Protein chains: 2
Amino acid sequence: MTKNIFLQIYQEYSGRIQTGALAPGSKMPSENELAREYNTSRETVRKALHLLAQNGYIHKIKAKGSFVLDIGRMDFPIGGLVSFKEMSERIGRKSQTIVHENQLIPVPDDIAAHLEIDKDKYWVWKVIRAREIEGECVILDKDYFRSDIVPVLTEDISRESIYEYLEGELHLPISYAKKVVSVEDADEEDRRLMDLLNYTHVVVVRNYVYLEDTTLFQYTESRHRLDKFQFVDFARRSHGEERKSDF
Amino acid sequence: MTKNIFLQIYQEYSGRIQTGALAPGSKMPSENELAREYNTSRETVRKALHLLAQNGYIHKIKAKGSFVLDIGRMDFPIGGLVSFKEMSERIGRKSQTIVHENQLIPVPDDIAAHLEIDKDKYWVWKVIRAREIEGECVILDKDYFRSDIVPVLTEDISRESIYEYLEGELHLPISYAKKVVSVEDADEEDRRLMDLLNYTHVVVVRNYVYLEDTTLFQYTESRHRLDKFQFVDFARRSHGEERKSDF
DNA sequence: AAGTGGTCTAGACCACCAC
DNA sequence: TGGTGGTCTAGACCACTTG
């Protein structure tokens, strides 16, 4: 956080591309031009361009230049999951959150396994929230937080944004997360708390969140109604990597 | 492709981590040590470590060092979709491919839209393949390739690996891809060509593949039986990015 | 030949952590 | 205080495209 010129360049250009101020297909200034413009070195510019490329904003062509992509301006953010809630809010629909449960409990067996902790040594905050969009409950979130790391969690916080609380208030250094997505049978709780219509299955997103010291402190199970789930993935063919998969 | 020291470092360490030769939790050599060891500069080492971090192999902690993560050794590759086919092959099960269709056709309306081309100006190769795993057809792939870019496509190629053909034989510079995943009603074709059991829906992965000059040349619709679909996503909290989403 | 992005170097200073 | 990773610099050479 000393200066972060590259971040500034990244944010300026990602912003212009997202708003459409920089049209898809248009050519970026060359690295040398940007270096002059920002009064910095070329490597610093390249760091910013690399970030833009990774996040699907631009595409770099050797000996030709960098070009703005049209991907991503639509269904952002790319490179991660886009829940229906985010999608909806992005296009201006409002969502509502209903907190069904918000309490400190001993660690259930299955959660102890997910959080990789000894169930006798910890307690966890359990939060169950239903997400209502356009009058329908289509997402059910079950969060579990290690209480030694998150000592207090009120219903008000859960109704607003736990995330902002963790980072803004508790200053937890959230670092990375792993998500596993699958489709599973809907259970009784799903049917009770969501408007499942006739759907017999739900999309389950299991989210494991880690701090900067690699502590796993949160496990979340997000259950989505089938028709209201979508996500976008942007994949670059990494340099010398194999990853032949689905290309 | 001149020297690519950073790639060599990346591949050596990603290999060791994948095989378990480097245990999760263990500490990487410091950047200065690696620079000495590989007789290169620190920035080059950092490039390699950055790649390792991005792909979920290691985690860097300022002023402390880089540490091997246990994520990813299991269900690789992270940072993209992992189809059931890949998963199965990774754990030693064999899959079989049945080519149902392999022909050059005028561009159907919906495909023209997906490929963003004028339907009167092109023809496309249409390939329909069923993927059988452990005796069950659980994946149906429908591929469409612009015939001006892929002039020839035989059934043999489709049965083996179209991907290897495109890169190995045609030397197509495949660059990046966008995937959109959703759950949809199974159609008559799904029921006819897959072993759908009683499932009424399928997971649909729409894949748009681009060349280095940003040409969109392939569209693939991959339809998975609900119970045989899973993927893993590894998300880093990028530097100055927002991305508050599901963290 | 000029311009582009890709790679690499050999330094530098900083903030942070552990000792 | 010494080691770590984070950032930045001012060069360099390369392969490639374009005029």
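- For chain A, an unreviewed UniProt entry supplies the name Trehalose operon repressor and the organism Paenibacillus ottowii.

1. Section: the pairing of strand E8 (residues 216–225) of chain A
Within a regular strand, side chains alternate between the sheet's two faces.
All names here are of chain A.
At step 1: For E8, a buried count of 10 out of 10 residues is recorded, marking the element as mostly surrounded by other parts of the structure.
At step 2: Strand direction decides the pairing type here: strand E5 (residues 136–146) and E8, joined by seven bridges, are antiparallel. The residue bridging Phe 145 from the neighbouring strand is Gln 218, located in E8.
At step 3: Both strand E7 (residues 201–211) and E8 contribute to a ladder of nine bridges, which runs antiparallel. For Tyr 208, the partnering residue across the bridge sits in E8 and is Tyr 219.

2. Topic: the protein's contact with DNA strand C
At step 1: The environment of DNA strand C is formed by 26 residues, the closest being Arg 42 and Glu 43 of chain A together with Asn 4, Ile 5 and Thr 40 of chain B.
At step 2: Considering DNA strand C, the proportion of its atoms within 4 Å of the protein that are sugar or phosphate atoms stands at 63%.
At step 3: Ala 63 of chain A has a polar backbone atom sitting 3.5 Å from a sugar or linking oxygen of DNA strand C.
At step 4: A distance of 3.4 Å separates a base nitrogen of DNA strand C from a polar side-chain atom of Arg 42 of chain B.
At step 5: Those elements that place two or more of their residues in the surface near DNA strand C are helix H3 (42–54), strand E1 (58–61) and strand E2 (65–68) of chain A together with helix H1 (5–19) and helix H3 (42–54) of chain B.
At step 6: Of the residues in the surface near DNA strand C, the class split is five nonpolar, 10 polar and 11 charged.

3. Observations regarding the environment of Glu 134 of chain A
Residue and element names in this part refer to chain A.
At step 1: Considering the arrangement of structural elements, one finds Glu 134 in the loop between strand E4 (123–133) and E5.
At step 2: Put simply, Glu 134 and Lys 94 are 40 residues apart on the chain and 7.3 Å apart in space, counted from C-alpha to C-alpha.
At step 3: Not counting chain neighbours up to four residues away, the residues in contact with Glu 134 comprise Arg 93 and Lys 94.

4. With respect to the packing of H1 of chain B against H3 of chain B
All names here are of chain B.
At step 1: Closest axis-to-axis distance for the H1/H3 pair is 8 Å, and the angle between their directions is 40 degrees. The pairing of H1 with H3 is recorded here as oblique in orientation. Relative to H3, the crossing made by H1 is right-handed. Only Thr 44, Val 45, Lys 47, Ala 48, Leu 51 and Leu 52 of H3 make contact with H1, whose side of the interface consists of Ile 5, Phe 6, Ile 9, Tyr 10, Tyr 13 and Ser 14.
At step 2: A class-by-class count of the residues in the contact of H1 with H3 yields nine nonpolar, two polar and one charged.

5. Some points on the packing of aromatic side chains
Residue and element names in this part refer to chain B.
At step 1: Summed over all chains, the structure comprises 15 aromatic pairs over all chains.
At step 2: Arranged with centres 6.1 Å apart and planes meeting at 80 degrees, the rings of Tyr 10 and Tyr 57 form a pair that is edge-to-face. Of this pair, Tyr 10 sits in helix H1 while Tyr 57 sits in the loop between H3 and strand E1 (58–61); the two residues are 47 residues apart in sequence, bridging distant segments of the chain. A single burial state applies to Tyr 10 and to Tyr 57, both of which are buried.
At step 3: Aromatic side chains Phe 145 and Phe 217 sit 6.4 Å apart centroid to centroid with 45 degrees between the ring planes, which places their arrangement in the tilted category.

6. Quick word on the pattern of salt bridges
At step 1: Applying the stated rule across the entire model yields 40 salt bridges over all chains.
At step 2: Among the salt bridges present, the one from Glu 189 of chain B reaches Lys 142 of chain B, with a minimum N-O distance of 2.6 Å. Pair noted here: Glu 189 of chain B is in helix H8 (residues 188–193) and Lys 142 of chain B is in strand E5 (residues 136–146), with a separation of 47 residues, a long-range link.
At step 3: A relative accessible area of 8% places Lys 142 of chain B in the buried class.
At step 4: Among the charged side chains, a network of salt bridges with common partners joins Glu 184, Asp 187, Asp 190, Arg 206, Glu 221 and Arg 223 of chain A.

7. Topic: H1 of chain B
Residue and element names in this part refer to chain B.
At step 1: Here H1 contains 15 residues, and its C-alpha end-to-end distance of 21 Å stays within 8% of the 21 Å for a straight helix at 1.5 Å per residue.
At step 2: Every buried residue of H1 is accounted for by Phe 6, Leu 7, Ile 9, Tyr 10, Tyr 13, Ser 14 and Ile 17. Summarising the axial view, the buried residues of H1 lie within an arc of 160 degrees, below the 170-degree limit, and thus occupy one face.
At step 3: Buried residues along H1 sit against helix H2 (31–37), H3, E1 and strand E2 (65–68).
At step 4: The positive-phi residue at the C-terminal boundary of H1 is Gly 20, with phi of around 90 degrees.

8. A word on the sheet that holds E7 of chain A
At step 1: Ordered by their spatial adjacency, seven strands build an open sheet running E3(A)-E4(A)-E5(A)-E8(A)-E7(A)-E6(A)-E9(B), and the pairing between neighbours is antiparallel. Edge strands, defined here as strands with exactly one partner in the open sheet, are strand E3 (95–106) of chain A together with strand E9 (230–236) of chain B. Geometrically, the sheet is characterised by an average inter-axis angle of 15 degrees between neighbouring strands, direction not taken into account.
At step 2: In terms of strand pairing, strand E6 (residues 174–185) of chain A meets E9 of chain B through seven bridges, oriented antiparallel. When the sheet's bridge partners are listed, Lys 178 of chain A is paired in E9 of chain B with Phe 234 of chain B.
At step 3: Docked against the sheet, helix H7 (residues 162–169) of chain A engages E4, E5, E6 and E8 of chain A, running at close to 165 degrees with respect to E6 of chain A.

Reading the values: the criteria
- The numbers attached to residues start from 1 for each chain and follow its sequence in the written order.
- In the order they appear in the text, chains get letters beginning with A and ligands get numbers beginning with 1.
- Only residues with pLDDT of at least 70 are given local features in this predicted model, and only at 80 or more are side-chain atom pairs given and counted; all residues enter the totals for whole chains, interfaces and linings.
- As a convention, hydrogens and water are excluded, and side-chain values are obtained from all of the structure's heavy atoms.
- The classification of residues rests on relative accessible area computed with a 1.4 Å probe and restricted to protein chains. Under 20% of the type maximum is buried, over 50% is exposed, and intermediate values are partly exposed.
- A run of H or I in DSSP becomes a helix once it reaches four residues, and a run of E becomes a strand once it reaches two; helices and strands are each numbered from the N terminus.
- Strand pairing is defined by DSSP finding a minimum of two bridges between the two strands.
- Nearness is defined per residue: one heavy atom within 4 Å of the molecule or strand is enough.
- We define a polar contact as two N or O atoms separated by no more than 3.5 Å, with the added condition that, inside protein, one atom must be a possible hydrogen donor and the other a possible acceptor, whereas residues neighbouring each other in sequence contribute only through side-chain atom pairs.
- Under the convention adopted here, Pro, Cys and the residues Ala, Val, Leu, Ile, Met, Phe, Trp and Tyr are nonpolar, Asp, Glu, Lys and Arg are charged, and Gly plus all remaining residues are polar.
- What makes two residues a contact is simply this: any of their non-hydrogen atoms within 4.5 Å.
- Axis lines are fitted to C-alpha atoms, over the contacting stretch for helices. Their N-to-C directions set the angle, which ranges from 0 to 180 degrees.
- In what follows, roughly perpendicular refers to angles from 65 to 115 degrees, roughly parallel to angles under 35, roughly antiparallel to angles over 145, and oblique to any angle outside these ranges.
- We call a crossing left-handed when the near helix sits turned anticlockwise from the far one by less than a right angle, and right-handed when that turn is clockwise.
- Two aromatic rings, drawn from Phe, Tyr or Trp (for Trp, its six-membered ring), form a pair once their centres lie within 6.5 Å of each other, and the interplanar angle then sorts them: stacked below 30 degrees, edge-to-face above 60, tilted otherwise.
- For this document, the term salt bridge refers to a Lys or Arg side-chain nitrogen within 4 Å of an Asp or Glu carboxyl oxygen.
- Every helix has an expected span of 1.5 Å times one less than the residues it contains.
- For this quantity, the arc is that covered by the directions from the helix axis to the C-beta atoms.

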